[in-house]
Amino acid sequence: MSKLPRLSGRACVNALEQAGFYQKRQHGSHIILRRDDPLAQLVVPDHKELDRGTLRAIIRQAGLSVDEFNELL
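Rules used throughout
- Residues numbered from 1 in each chain as written.
- Predicted model: local features only at pLDDT ≥ 70, side-chain atom pairs only at ≥ 80, totals over all residues.
- Heavy atoms only, no water.
- Pairing = 2+ DSSP bridges.
- Helix = DSSP H or I, 4+ residues; strand = E, 2+ residues; numbered from the N terminus.

*Asks:* Sorry, what's going on with the pairing of strand E2 (residues 30-35) here?
*Replies:* Looking along a regular strand, one sees the side chains alternate between the two faces of the sheet. Strand direction decides the pairing type here: strand E1 (residues 22-27) and E2, joined by five bridges, are antiparallel. Each bridged residue has a counterpart across the sheet, and for tyrosine 22 the counterpart in E2 is arginine 34. A loop of two residues connects E1 with E2, the two strands running antiparallel in sequence, and glycine 28 in this loop sits at a positive phi of about 65°. The sheet contact formed by E2 and strand E3 (residues 40-45) spans six bridges and is antiparallel. Considered in E3, the bridge of isoleucine 32 is made with valine 43. Linking E2 back to E3 in an antiparallel pair, the connection comprises four residues.

*Asks:* What is the right way to look at the environment of alanine 19 in this model?
*Replies:* If you trace the backbone, alanine 19 turns up in the loop between helix H1 (9-18) and E1. Along the primary structure alanine 19 and phenylalanine 69 are separated by 50 residues, whereas in three dimensions their C-alpha atoms are 8.6 Å apart.

Shown next as structure tokens:
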């Protein structure tokens, strides 16, 4: 298992957009992403640096592995 990178919420959104997600809306500092097929919706905080647990939960909800996510970066 690869290590999780330290990255910002905006960098996480950019990587997830390459995986087929698009920005649906934004509420304050939280960006809501959506993928239509298969249906998935994620909330990514737009912070300077995401906690590792938060990033791991986002990757899990996206249906990706840590290695797959690292390739998108």
